Amino acid sequence: MKREQGVVPGQRAKSHEVDRLRTLTGTTSLEICIDDMAGLEAAQLDQVDRIELCAALDLGGLTPSGGFLAQARRSRVPVFVMIRPRAGNFIFSPTDIAQMENDIALVREAGMDGVVLGASLEDGTLDYALLERLSLACGSLHRQLHRVFDLTPDPIAALDMAMDLGFERVLTSGQAIRAPDGAACLRRLNDHARGRIDIMAGSAVRPDNVGDLIASSGVKSFHASCRIKSAVQDGRLDHFGFAASHAVTSSAEILRLHEAIRTACPE
């Protein structure tokens, strides 16, 4: 059933508490990443537990605009906002860090539910000091660690660091390009976490492979874009480089993925 538009007081806070209890009890959850208003509207479904709000999904997700944040206040699904100031590596300069802190302040002012963070050092390990600094800037915002995790040299050590920093969830493909190919690593992470932090599998998670992924990894939280190819409206957009992708978030694909998860892992 599609959710009604508009925020009901306390509705998102209640939804987030349900999500927290799901993590603690080991039941399933589904997060949808989106980068435009059409995607935000498509994800307003009872079957969606969280939305990751981004810009430029084709670049792995960047911080969305202030205007998009303002529109996202309408969401009845909990919204976590990507804090990533630019494409490329996750080693951030002082000016990058200042921008990230300003963006976190905007997210707090907009009344969003949480943020998605990540930062690394030259050797690929997580930048504990910076993540601690950004976490303090978040105040009461909930925090997820993004796929910078997949570049770390020791995923178990990185997971321990994430728990020590108080992150409630780690998005990871199991250090593979596709989560189904990282199932063995996801299993190790899930076993090590023992319910203390949520391991959320993302990258190429689809209705036709999520059942096998659940069986092989033990993970029950999933992240997906659920985008489908769309027709190009004007070929000149490609010619001039204005169209990075021809994909749109599909409510039908979200429902298909949710049903595949439910079938593989009945509650």
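Residues numbered from 1 in each chain as written. Predicted model: local features only at pLDDT ≥ 70, side-chain atom pairs only at ≥ 80, totals over all residues. Heavy atoms only, no water.

Caption draft 1: Spatial organisation of the sheet that holds strand β5 (residues 142–145). Read around the closed barrel, the eight strands follow the order β1-β2-β3-β4-β5-β6-β7-β8; overall the barrel is parallel. Adjacent strand axes in the sheet meet at a mean angle of 25°, parallel and antiparallel pairs treated alike. Here three bridges tie strand β2 (residues 50–53) to strand β3 (residues 79–82), and the two strands are oriented parallel to one another. When the sheet's bridge partners are listed, L53 is paired in β3 with V81. Contacts from helix α7 (residues 183–193) reach β6 (169–172) and β7 (198–202), with the element oriented near 165° to β7. (Pairing = 2+ DSSP bridges. Helix = DSSP H or I, 4+ residues; strand = E, 2+ residues; numbered from the N terminus. Axes fitted to C-alpha atoms, helices over the stretch in contact; angles between N-to-C directions. Contact = heavy atoms within 4.5 Å.)

Caption draft 2: Representation of the pattern of salt bridges. Applying the stated criterion across every chain yields a total of ten salt bridges. Across the pair R50 and E31 runs a salt bridge, and its minimum N-O distance is 2.9 Å. You can see R50 sitting in strand β2 and its partner E31 sitting in strand β1 (residues 29–34), a full 19 residues away along the chain. Exposure class is identical for R50 and E31. Each is buried. Its salt-bridge partner being R256, residue E253 comes within 2.9 Å of it at the nearest N-O pair. (Salt bridge = Lys/Arg side-chain N within 4 Å of Asp/Glu carboxyl O. Buried < 20%, exposed > 50% of the residue type's maximum accessible area, 1.4 Å probe, protein only.)

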